[in-house]
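Here's the letter readout for the chains.
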Amino acid sequence: MVQRIDVTGADGVRLAAWEFREPPAEPLRPAVLLLHGLMGRALHWAGTARWLGERHRVVALDQRGHGHSTRPAAGPGFSTPLGREAFVADAEAAVDQLGLAPVILVGHSMGALTAWQLAARRPELVRALVICDMRASALGEASQQEWEEWFRRWPLPFPTQDAARRWFGEDDPRVERPDPGRGAFFAEVMHRAPDGWRPLFSRSQMLTARETWVHDAHWEELAQVRCPTLVVRGLDGELGRAEAQEMVRVLPAGQYAEIPDAGHYLHYDQPAAWREAVEPFLEGVTADAP
C-alpha cells in the first residue's frame, strides 16, 4: 500500500510525500524518511521501502521540482526557490508535519546532502543517517558544464519508455558499460507527453538546483553530524573509496560500507547487496533507540 500525503514546504510549496504501508496504531520508532537524488522521485525507493516497512514507518518525499511536488515556473526569477536552504527546509517540514522525529534519514546523492545538512542543523530531529554515494568535496564549474552538455544530448522525446531505458542504460555516451539500474532509474522519471516520453522535471531547473551546491565543499557540515551515520558507496559509483573513508573519519559516529558491481544508482543496481549493507546498521540504531 502506498498513500500520498501532501506536505507544505517552508515557503508554502506543495510537496508530495508517500507513505509505504499503513502505519500501526502506535508507529514503530524510529521512522525513516527517504530522500531521492537530483532528477529522482520518491517512488524510486519502493524496493527499499518494502523491506524497511517490516520494522519502520517509511515515508519518501518528492522533493521540490521533482515527481508530483511543485515544479517552479519556467524562466528566470523562479517563484519556487531551488537552493540548498529550500531543500533542507522541505525535509525539515516533512519531519515536523508527519511526526517522524527522531527520524532516520536515508538519502541518495543530492538527497544525502540534504539529509546531512538537516542532521547538522537540527540534530534533535535525526536519530541516524545513511549517505548513499554523495561526495563532500566541491565538484567545480567543469562538472556543471559537463552536465549542461549532457542534457543537450538527450534525444527527446523518446518514442517509448523502453527506449528511454535503453538509452540511459546502454546508449548514453556517459555509460561505459551496460547499466540496467541506471536505465530503470531514468525510465521511471519519464512520463507520456503529447509527442512522446519526456522527463517529469525541467533540465534547466535541475542545473539551477545543482548550481547551488557543486561549487562548494560540504565537509564542515558533515563534521557537525553527531548521530550514527553510514556512508555507502558503489564500487563504480561517483564517490571514491578514499573520499568515502575520509568522510567516515570526519564524522563523529561514521561507518563505511561498499557494494561491489554497483554504480551510482546502487540501490537499483544491487538491491539485495544494498539491503545487506544497510539493514544491520539500521537494526543497531533501532536496538539503541530509547
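In what follows, the structure referred to is the one given above.
Residues numbered from 1 in each chain as written. Predicted model: local features only at pLDDT ≥ 70, side-chain atom pairs only at ≥ 80, totals over all residues. Heavy atoms only, no water.

Thoughts on the packing of helix α4 (residues 141-153) against helix α7 (residues 203-211)
And then number 1: α7 packs onto α4 with a crossing angle of 170 degrees between their chain directions and a minimal axis gap of 11 Å. By the angle class used here, α4 and α7 are roughly antiparallel. Together, E141, S143, Q144, W147, E148 and F151 of α4 and R203, M206, L207, R210 and E211 of α7 make up the contact between the two elements.
And then number 2: For the contact of α4 with α7, the per-class residue count stands at four nonpolar, two polar and five charged. (Axes fitted to C-alpha atoms, helices over the stretch in contact; angles between N-to-C directions. Helix = DSSP H or I, 4+ residues; strand = E, 2+ residues; numbered from the N terminus. Parallel < 35°, antiparallel > 145°, perpendicular 65-115°, else oblique. Contact = heavy atoms within 4.5 Å. Nonpolar A, V, L, I, M, F, W, Y, C, P; charged D, E, K, R; others polar.)

Things to note about the nonpolar core
As a rule of thumb, nonpolar side chains are buried together in soluble globular proteins.
And then number 1: Membership of the largest hydrophobic core comes to 68 residues, with the highest contact counts inside it found for L33, M39, W116 and W154.
And then number 2: For this core, the leading source of residues is helix α3 (residues 110-121), giving eight residues.
And then number 3: Setting aside its immediate chain neighbours within four residues, W154 contacts M39, W167, F168, F186, M190, P199, F201 and R203.
And then number 4: Listed in part, the 28 residues of the second largest apolar core include W45, V106, L230 and F281. (Core = buried A, V, L, I, M, F, W, Y, C linked by side-chain atoms within 4.5 Å. Buried < 20%, exposed > 50% of the residue type's maximum accessible area, 1.4 Å probe, protein only.)

Some words on the packing of aromatic side chains
And then number 1: Scanning the model with the defined rule gives 18 aromatic pairs in all.
And then number 2: Pairing W147 with W150 gives two aromatic rings, centres 5.3 Å apart and planes at 80 degrees, and the pair type is edge-to-face. Placement of both W147 and W150 in helix α4 is noted, with a separation of three residues, approximately one turn of the helix. For the pair W147 and W150, one class covers both residues: buried.
And then number 3: Pairing F185 with Y265 gives two aromatic rings, centres 4.3 Å apart and planes at 35 degrees, and the pair type is tilted. Residue F185 is found in helix α6 (residues 180-187), and its partner Y265 is found in the loop between β10 (254-259) and α10 (266-269); the two are separated by 80 residues along the sequence.
And then number 4: Under the relative-accessibility criterion, F185 is labelled buried at 2%.
And then number 5: Ring pairing ties together the aromatic residues W147, W150, F151, W154, F158, W167, F168, F185, F186, F201, Y265 and Y268, which thus form one cluster.
And then number 6: In this arrangement the basic side chain of R174 is found over the ring face of W150, its NZ or CZ atom lying 4.5 Å from the centre. (Phe/Tyr/Trp six-rings, centres within 6.5 Å; stacked < 30°, edge-to-face > 60°. Lys NZ or Arg CZ within 6 Å of the ring centre and 35° of its normal.)

Focus: α4
And then number 1: For α4, built from 13 residues, the straight-helix expectation of 18 Å at 1.5 Å per residue is met to within 8% by its first-to-last C-alpha distance of 19 Å.
And then number 2: Residues of α4 that are buried: S143, Q144, W147, W150 and F151. Taken around the axis of α4, the buried residues stretch over an arc of 120 degrees, which confines them to a single face. Seen from the open side of α4, the exposed residues pointing more than 90 degrees away from its buried face are E146 and R152.
And then number 3: On its buried face, α4 is in contact with α5 (161-171), α6 and α7. (Expected span 1.5 Å × (residues − 1). Arc of directions from axis to C-beta.)

Re the packing of α5 against α6
And then number 1: Relative orientation of the contacting elements α5 and α6 amounts to 140 degrees, with a least axis distance of 7 Å. Regarding the angle of α5 to α6, the classification is oblique. Crossing of α5 against α6: the hand is right-handed. Facing α5, whose interface residues are Q161, R165, F168 and G169, α6 presents R182, G183, A184, F186 and A187.
And then number 2: By residue class, the composition of the contact of α5 with α6 is four nonpolar, three polar and two charged. (Left-handed = near helix turned anticlockwise from the far one by under 90°.)

Remarks on unusual backbone geometry
And then number 1: Geometrically, the link from A101 to P102 is a cis peptide bond, its omega value of -10 degrees lying close to zero.
And then number 2: Following the sequence through the fold, P102 ends up in the loop between α2 (84-97) and β5 (103-108).
And then number 3: The omega angle of the peptide bond from L156 to P157 is -5 degrees, so this bond is cis rather than trans.
And then number 4: Looking at the secondary structure, you find P157 in the loop between α4 and α5.
And then number 5: Unusually for a residue other than glycine, M39 sits at a positive phi of about 75 degrees.
And then number 6: If you trace the backbone, M39 turns up in the loop between β3 (32-35) and α1 (46-52).

These values are about where atoms sit, not about what they do.
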